[in-house]
Amino acid sequence: MAKNLKKFVNPKFTRTVDLGLLSRLFERHRDVLNGLDLGIFRDEAAQDDARSAVQDFFAGPEENYPEGLVADLHRIAELGNAAGLDIILQQAARLGIRLTPEANGDEPETHQDPKHVALCVFLDHPDVFDAASDMMALMARTSLAEFVGRDEGVEAIMDDRAKAEFETAAAAMFEQDLRSNYCRAGWYDDADELVLVIEHGSPITTTDVVQKDQKRVISFRAAEHAVLSYNSTTGLLKIGGVAKARRGDLAELFADKVLGKPEFFAGDDAQNLYTLDPVQRAGFGFAFNHDFDPGIQRVQITEVQVDRVGADPKTGETRTFYSYVARDGRDNALVRLGEMVRGTRLGSDWRLNYIVIRVHFATGGKSAKKVTVKLKPPAHAMFKRQQFEGRIMTLLRRNGLLNDRDAAQAAVAAE
C-alpha cells in the first residue's frame, strides 16, 4: 500500500474518525469486502470494539481490500492533508456549498481534521470532492505539451453534447491503450482559459504478495489524470499527463469535439513555440531584461546545455557529437559554460539545447517567490503554472524567446 495511505489509516485516525462515515465508506464495497463484518458498526455500545476491528482490518493483508476501496482510500488520502483541505474549501466556495464543521462527541476538533473532512466531502459532496481532486492534479503538472491552433479567437463549444462526445472519444482512446474505458472530465473556467482535468484508468499493475508463507498474485488499476487548458484568444492548447505519443491524438479530439474544427492543431508549426536564437546570437554574455516588470527582482540562468553538432561523415546528416552542461545556482550558468568552452562561439557548430532560469518575484515580504523555468525549444516551457504564468510568458516574449506567430504566418504567406 502507498505510504500516504498507511498514514491516512493510522491508529490515531481510526480512533477518532466518525464511525458512521467509515461504515458508509465500507458499505460501498459490501459485496467484495473480506475480513470485516459490517455488523460491528450497528452496535453503539461497542464502538471501541468497532474501532479495533477497523484497525485490525487495515493492519491485515492488503489483498483483503477490494480494489474499489483501495481506489477510494487513495483519492481521499491525497486530499486528506492541509493543502488538500485548502483546495476543498476553495472548490466548495466556488460551487456555493457551505461545509459546516460537525460538533458531535467530546472532541469536536477531530471532525475538522483534514482526513475527516476529506472523507466527509467524498461521501456527502462528491461534486466538491471531484473538483478538489481535479485541482490537486492540475497543480501537480509542470511539464506541458503546447499546441498553437491555426487561428486565434476560436471559442470552445461548451454544451452537454460536446462534453459527452469528447468524454466518450477520450475513453475509447484510453481503452485502446489498455487503460480501461473509464473516463471522467471536469470542466473549469480559469480566467481566460478553459481547463479540463480528465480522470482515467492506468495500466493494470500485477504484483506478488505473501500471506502466511503463501504467495498470491493481486492486480489493481490506479486512477491517473490528464490536464488540458485552452485559451481561445491565442489559440493555445496545453496538455499534460498524457504519453508523448498520445498528446497529438488528444489535441485532435479536443479540436474535433470541443472546437468543431478537426485538424485545428495539426499545422506544421503547431509546436514551434519557443526559441533560444537571441541567446545564441548574444553569446555567453546574454542576460535577461526585466526592467519592464518592477516586481521581478532578478532572473538567474542556473543551468544550460550546449551540443556540439556537425555532419555525420557516413550519412551527411546533422548529429550531436557530445554535450556540455553547466550549472550555477548563485550567478550565471551561461557564463560558466563560456569558461568551459573558452575560445568557442555559439552558432552553427555549438547549439544551445535548453536553459533553466530562476525568476525572483517580489512578494512584499522578506523573501522573494522563486519560480524555476526550463525552456527547451521548440515546444517546451516547464514550470509550475498556477502562479506568475502570465508574467513569465511576458518575460520570455519581451526577451525574444517566444516565436512570433504573426511573423511566421506572414513568411509562409509570402512564400
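Placed above this text is the structure.
Residues numbered from 1 in each chain as written. Predicted model: local features only at pLDDT ≥ 70, side-chain atom pairs only at ≥ 80, totals over all residues. Heavy atoms only, no water.

Student: Go over the side chain of R51 with me, naming the residues and quoting the values.
Tutor: Here R51 shows up in helix 4 (residues 47–59). Leave out the neighbours within four places in its chain, and R51 touches T14, R15, T16, V17 and L19. (Helix = DSSP H or I, 4+ residues; strand = E, 2+ residues; numbered from the N terminus. Contact = heavy atoms within 4.5 Å.)

Student: Explain the sheet that holds strand 11 (residues 369–376) to me, using residue names and the numbers behind them.
Tutor: Read from one edge of the open sheet, 5 strands run 9-8-10-11-12, paired in antiparallel fashion. Only two strands of the sheet have a single neighbouring strand rather than two, namely strand 9 (318–327) and strand 12 (380–382). Strand-to-strand twist across the sheet, computed as the mean angle between neighbouring axes with direction ignored, equals 20°. Where strand 8 (residues 296–311) and strand 10 (residues 350–361) come together, 11 bridges link them in antiparallel fashion. Bridged to V299 within strand 10 is V359. (Pairing = 2+ DSSP bridges. Axes fitted to C-alpha atoms, helices over the stretch in contact; angles between N-to-C directions.)

Student: Describe the pattern of salt bridges, naming the residues involved and giving the relevant values.
Tutor: Counted under the stated rule, the structure contains 18 salt bridges. Note that E193 is salt-bridged to K238, the shortest N-O span being 2.9 Å. Taken together, the positions of E193 in strand 3 (residues 193–201) and K238 in strand 7 (residues 236–240) put the pair 45 residues apart, joining distant regions of the chain. Taken as a pair, E193 and K238 share a single burial class, namely buried. Two residues, D249 and R246, come together in a salt bridge whose shortest N-O distance is 2.8 Å. Here R246 and D249 lie together in helix 10 (residues 244–257), a separation of 3 residues that amounts to about one turn. A residue is classified by how much of its surface remains accessible, and D249, at 33% relative accessible area, is partly exposed. It is possible to trace a salt-bridge network through shared partners that takes in R75, D130, R184 and E199. (Salt bridge = Lys/Arg side-chain N within 4 Å of Asp/Glu carboxyl O. Buried < 20%, exposed > 50% of the residue type's maximum accessible area, 1.4 Å probe, protein only.)

Student: Give a detailed account of the layout of surface pockets, specifying residues and quantitative values.
Tutor: Estimates place the volume of the largest pocket at around 1500 Å³. Around the largest pocket sit 46 residues that line it, and E193, N231, L236, K238 and E389 are the ones nearest its centre. Ranked by residue count, the leading element in the lining of the largest pocket is helix 13 (residues 389–398), at 5 residues. (1 Å grid on protein atoms, 1.4 Å probe; cavity = no way out; pocket = protein on both sides within 12 Å on 5 of 7 lines; lining within 4 Å. Points joined across faces, edges and corners; volume = space filled by probe spheres on them.)

Student: How would you summarise helix 9 (residues 160–176) if you had to cite specific residues and measurements?
Tutor: Over its 17 residues, helix 9 extends 24 Å from the first C-alpha to the last, a length consistent with the 24 Å expected when each residue adds 1.5 Å. Contacts made by the buried residues of helix 9 are with strand 2 (183–190), strand 3 and helix 10. Count one or two residues on from helix 9 and you reach L178, which has phi positive near 60°. (Expected span 1.5 Å × (residues − 1).)

Student: Please provide a residue-by-residue account of the pairing of strand 2, values included.
Tutor: The buried fraction of strand 2 amounts to 6 of the 8 residues, a majority that puts the element mostly inside the structure. When strand 2 meets strand 3, the two strands line up antiparallel, connected through 8 bridges. Looking at strand 3, one finds that Y188 is bridged to V195. Between the antiparallel neighbours strand 2 and strand 3 lie 2 residues, among them A191 with a positive phi of about 55°.

Student: Any details on helix 7 (residues 114–124)? Residues and values, ideally.
Tutor: Within helix 7, 9 of the 11 residues are buried, which leaves the element mostly enclosed by the surrounding structure. The set of residues buried in helix 7 consists of K115, H116, V117, A118, L119, C120, V121, F122 and L123. Sitting at the head of helix 7, D113 places a side-chain oxygen 2.7 Å from the backbone nitrogen of K115. (Polar contact = N/O pair within 3.5 Å; in protein donor to acceptor, adjacent residues only side chain to side chain.)

Student: I'd like a description of a nonpolar patch on the surface, backed by residues and values.
Tutor: A cluster of nonpolar side chains, contributed by F321, Y322, Y324 and M340, occupies part of the molecular surface with about 370 Å² of accessible area. In terms of residues, the nonpolar patch owes the most to one element, strand 9, which gives 3 residues. In this fold, F321 is placed in strand 9. (Patch = residues over 30% accessible without salt bridge, like charges linked within 9 Å, V, L, I, M, F, W, Y side chains within 5 Å. Areas by Shrake-Rupley, 256 points an atom, 1.4 Å probe, with all protein chains shown as cover.)

Student: Just give me the short version of the packing of aromatic side chains, but keep the residues and values in it.
Tutor: Under the counting rule described, the total for this entry stands at 11 aromatic pairs. Aromatic pair F122 and F129: ring centres 5.0 Å apart, planes at 80°, arrangement edge-to-face. Residues Y324 and W350 carry aromatic rings whose centres are separated by 5.9 Å and whose planes lie at 10° to one another, so their mutual orientation is stacked. With Y324 in strand 9 and W350 in strand 10, this residue pair connects regions lying 26 residues apart in the sequence. Take Y324: its relative accessible area is 31%, and that puts it in the partly exposed class. Cluster of aromatic residues (ring-pair linked, three or more members): F166, W187, Y230, F254, F264 and F265. In this structure, K374 is placed above the aromatic ring of Y354, and the distance from its NZ or CZ to the ring centre is 4.3 Å. (Phe/Tyr/Trp six-rings, centres within 6.5 Å; stacked < 30°, edge-to-face > 60°. Lys NZ or Arg CZ within 6 Å of the ring centre and 35° of its normal.)

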